[in-house]
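Letter by letter, the chains look like this.
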Amino acid sequence: MNREGTSSGALTFGFGEARLQARPAGTLWWPAERVLAVADLHLGRAERMARLGGGLLPPYETEDTLKRLEAEVTALSPRSLVMLGDSFDDLTAAAALSAQVIARLERLAAGRRLLWIAGNHDPGPVDLPGSHLIETRIGGISLRHIAEPERDPPEISGHYHPKAKLMVRGRQITRKCFLLGQGRLVMPAFGTYTGGLDVRDPAFASLTGPDSHVLVLGRDAVRAVALAA
């Protein structure tokens, strides 16, 4: 895989005919199209868990997730912002957003194309500005929530929340990551309260293959690691 770093810590790599950047925040930047893609925000997760009688989480995840997304939008000024599904933990959580959160989402949509891709947690349209789609295609690349290995790549998706286990100075750590292989890119979950699936899980075998590359999110940079290594 040909790749190069940038001053922002992003990792630039070829994907089909495109040159994309995996950013330390967990977003994907497509400079030529000025497209910023983000997956699995799961806004309202704390509210949903409390509503369903699950464990209580500090109710700050929506604030933190939006703050980080706003920082990416400010830094890059995208022409299009693509939310790759599961933007909300469920449709009830989407309907329960505060006026302040709705105003922030409206500001994110102002002056650009905002695409809400349907996820398994939020399959229906939400009453927010932007277009609501099952999937979209930009520059010959399909963008959808869940990868579809029976369809031709190139494809960008979310859903699986990939994470990688690494040994650093004799200590095992787990990091969110992009997973890249066979013309498919699976994005990390952007949301603050999101679990993850180990990149060596069999669920990934049919998606990105055994010779995949893991693009690991560090504090200040993204680094590529061959999965087979």
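Look up: the structure comes first, before these words.
Residues numbered from 1 in each chain as written. Predicted model: local features only at pLDDT ≥ 70, side-chain atom pairs only at ≥ 80, totals over all residues. Heavy atoms only, no water.

Draft legend 1. The overall build of the protein, seen in detail. Summing up its helical and strand segments, the protein has 5 helices and 17 strands in all. Scaling as 2.2 N^0.38, a compact globule of 229 residues should have a C-alpha radius of gyration of about 17 Å, and the protein matches this with 17 Å. Taken along the three principal axes of its C-alpha coordinates, the protein extends 45 × 40 × 35 Å. With 229 residues in all, the protein has 48% of them scored as buried. Contacts spanning at least 24 positions in sequence make up 62% of the contacts within the protein whose residues lie at least 6 apart. As presented, the protein carries roughly 10700 Å² of accessible surface, and 51% of it is formed by carbon and sulfur atoms. (Helix = DSSP H or I, 4+ residues; strand = E, 2+ residues; numbered from the N terminus. Rg over C-alpha atoms; globule rule 2.2 N^0.38 Å. Buried < 20%, exposed > 50% of the residue type's maximum accessible area, 1.4 Å probe, protein only. Contact = heavy atoms within 4.5 Å. Areas by Shrake-Rupley, 256 points an atom, 1.4 Å probe, with all protein chains shown as cover.)

Draft legend 2. Examining helix α2 (residues 61–76) more closely. Its 16 residues give α2 an end-to-end C-alpha distance of 23 Å, which sits within 8% of 22 Å, the value for a rise of 1.5 Å per residue. Taken as a whole, α2 has its buried residues at E61, T62, T65, L66, L69, E72, V73 and L76. One side of α2 carries all its buried residues, which in axial view fall inside an arc of 120 degrees. Exposed and oriented more than 90 degrees from the buried face of α2 are K67, T74 and A75. (Expected span 1.5 Å × (residues − 1). Arc of directions from axis to C-beta.)

Draft legend 3. Broad picture of the environment of R137. Structurally, R137 can be placed in strand β9 (residues 135–138). Residue classification places R137 among the exposed positions, given a relative accessible area of 51%. Separated by 51 residues in the primary sequence, R137 and P188 place their C-alpha atoms 20 Å from one another. There is a polar contact of 2.6 Å between the side chain of R137 and the side chain of S142. (Polar contact = N/O pair within 3.5 Å; in protein donor to acceptor, adjacent residues only side chain to side chain.)

Draft legend 4. Structural context of the packing of aromatic side chains. Counting across every chain of the model gives 2 aromatic pairs. If you follow R68 out to its NZ or CZ, it ends over the ring of F190, 4.4 Å from the centre. (Phe/Tyr/Trp six-rings, centres within 6.5 Å; stacked < 30°, edge-to-face > 60°. Lys NZ or Arg CZ within 6 Å of the ring centre and 35° of its normal.)

Draft legend 5. Examining a positive patch on the surface more closely. Together, R169, R171, R175 and R219 give the surface a local cluster of positive charge. Tracing the backbone shows R169 in the loop between β12 (162–168) and β13 (171–181). We classify R169 as exposed; its relative accessible area is 86%. (Patch = residues over 30% accessible without salt bridge, like charges linked within 9 Å, V, L, I, M, F, W, Y side chains within 5 Å. Salt bridge = Lys/Arg side-chain N within 4 Å of Asp/Glu carboxyl O. Lys, Arg positive; Asp, Glu negative; His and termini not counted. Charge placed at Lys NZ, Arg CZ, Asp CG, Glu CD.)

Draft legend 6. Main features of the pairing of strand β10 (residues 141–144). Residues I141 and L143 line one face of β10 and the alternating positions S142 and R144 line the opposite face, and both faces are buried. Relative to strand β11 (residues 155–157), β10 runs parallel, the two sharing 2 bridges. Bridge pairing in β11 links S142 to E155. (Pairing = 2+ DSSP bridges.)

Draft legend 7. Layout of unusual backbone geometry. Here the amide bond leading from P153 into P154 is cis, since omega sits at 5 degrees, within 30 degrees of zero. Inspection of the secondary structure assignment puts P154 in the loop between β10 and β11. Residue S77 is not a glycine yet carries a positive backbone phi of 50 degrees. With respect to the secondary-structure elements, S77 resides in the loop between α2 and β6 (80–83).

Draft legend 8. Region of interest: helix α4 (residues 99–109). Here α4 has its buried residues at V101, R104, L105, L108 and A109. Down the axis of α4, the smallest arc covering the buried residues is 145 degrees, so these residues share one side. Among the exposed residues of α4, those pointing more than 90 degrees away from its buried face are A99, Q100 and R107. Close packing links the buried residues of α4 with α2, β6 and β7 (113–117). Just beyond α4, the residue with positive phi is G111, at close to 80 degrees.

Draft legend 9. Geometry of the nonpolar core. Core analysis: the largest hydrophobic core is formed by 26 residues, its most contacted members being F13, L28, V82, L84 and I156. Every element with two or more residues in this core is listed here: β2 (11–15), β3 (18–22), β4 (28–30), β5 (35–38), β7, β10, β13 and β16 (213–217). Counting 23 residues, the second largest nonpolar core, distinct from the first, contains V38, L43, M83 and F88. (Core = buried A, V, L, I, M, F, W, Y, C linked by side-chain atoms within 4.5 Å.)

Draft legend 10. Quick peek at the pairing of β13. In this structure, β12 lies alongside β13, joined through 6 bridges in antiparallel fashion. The residue bridging K165 from the neighbouring strand is T174, located in β13. Counted between consecutive antiparallel strands, the loop separating β12 from β13 contains 2 residues, among which R169 sits at a positive phi close to 50 degrees. Pairing of β13 with β16, which is carried by 4 bridges, proceeds in the antiparallel orientation. Along β16, the bridge assignment pairs L179 with V214. Sheet analysis places β13 next to strand β14 (residues 184–186), joined by 3 bridges and oriented antiparallel.

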